[in-house]
Structures are given as C-alpha cells and as structure tokens.
Amino acid sequence: SAIDNLLAVMRRTSAAFIVVSGEVGLSLVPPEPLGRRFQDLLGLANQRVAAAAGRVYLVVAGVPTEIQGPTGPGEPSFCRRSCSLRAVGDALLPG
C-alpha cells in the first residue's frame with residue numbers, strides 16, 4: 001500500500017519527514033458507506049504513521065499540541081504539552 005511504501009522510505013533514510021493529514025476520529029460518522037470507508041482508512045493510515053513517528057502534533061485552530069514525543073525516564077509516552085512552531089517554507093517545525 002502507499003502507507004507501507006511511505007513507512008519503508010522513512011525507515012531507510014535519515015531525512016526528517018513532516019506528514020500532514022486530516023484528523024477524522026473527532027468528526028461525525030458519515031452516513032454513506034464510502035464516507036465511512038474513507039474515514040476508517042484515513043484513521044488507520046494516521047495511526048500507522050503516528051506509530052512510526054518520533055513526534056506527533058495535533059493542531060486545532062492553529063494551536064499545536066504535542067501528543068506523542070520522545071520520552072525520558074519516568075515520562076509517559078503520551079503527553080499533552082503545548083509547543084510553538086515556526087514556519088519554514090510551507091512547513092511548520094517545532095520552534
């Protein structure tokens with residue numbers, strides 16, 4: 001699948017990747033079967049990419065919140081720490 005290919009490339013290189021995707025788990029369930037399938041597949045793709053990522057941010061109304069990041073001793077692997085981002089070209093990077 002395309003996600004398998006993306007994850008394979010991410011594992012083979014030392015380059016940093018910024019993957020931007022819509023969050024579909026907080027929205028209403030679509031009434032049509034095709035809409036539900038899209039929501040399910042995008043949610044699964046997001047989960048797989050997040051599982052392979054070093055950091056994951058949820059951005060709501062332009063406010064980023066780190067929901068997954070590197071952990072140290074005694075730190076939970078899932079944290080909700082506000083952070084700042086800086087614009088670099090079209091990307092937003094931790095600032």
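A brief report on the enclosed structure follows.

Scoring rules and cut-offs
In every chain, residue numbers begin from 1 and rise along the written sequence. Since the coordinates come from a predicted model, pLDDT governs what is reported: local features require at least 70, and pairs of side-chain atoms require 80 or more to be given and counted, while whole-chain, interface and lining totals use all residues. Only heavy atoms go into the side-chain values, all of them from the structure, while hydrogens and water stay out. Strands are runs of DSSP state E lasting at least two residues, helices are runs of H or I lasting at least four, and both sets are numbered from the N terminus onward. Here, two residues are considered to be in contact whenever any of their heavy atoms come within 4.5 Å of each other. Using a 1.4 Å probe, the Shrake-Rupley method yields the accessible areas, and only the shown protein chains count as cover for residues. In this description, strands pair whenever DSSP reports at least two bridges between them. With axes taken as lines fitted to C-alpha atoms, and helix axes fitted only over the stretch in contact, angles between N-to-C directions fall between 0 and 180 degrees. Roughly parallel means an angle under 35 degrees; roughly antiparallel means over 145; roughly perpendicular covers 65 to 115; every other angle is labelled oblique. Only Asp, Glu, Lys and Arg are considered charged, only Ala, Val, Leu, Ile, Met, Phe, Trp, Tyr, Cys and Pro nonpolar, and every remaining residue, Gly among them, polar.

### Overview of the overall build of the protein chain
Broken down by element type, the protein chain carries 2 helices and 5 strands. In sequence order, the secondary structure elements of the protein chain are arranged as α-α-β-β-β-β-β. Sequence-distant contacts, at least 24 apart, represent 24% of the contacts inside the protein chain between residues at least 6 apart. When the accessible surface of the protein chain is totalled, it reaches about 7100 Å², and 60% of it is carbon and sulfur.

### A short note on the pairing of strand β2 (residues 63–68)
With 5 bridges connecting them, strand β1 (residues 56–60) and β2 associate as antiparallel partners. When the bridges of β2 are listed, Val60 appears paired with Val63. The antiparallel hairpin formed by β1 and β2 contains 2 residues in its connecting segment, where Ala61 sits at a positive phi of about 55°.

### Points about the packing of helix α1 (residues 2–12) against helix α2 (residues 33–52)
It is the contact of α1 with α2, at a shortest axis distance of 10 Å, that shows an interaxial angle of 10°. One element, α1, and the other, α2, form an angle in the roughly parallel class. Taking contact as the criterion, the partners of Ile3, Asp4, Leu6 and Leu7 in α1 are, on α2, Ala45, Arg48, Val49 and Ala52. Grouping the constituent residues of the contact of α1 with α2 by class yields 6 nonpolar, no polar and 2 charged.

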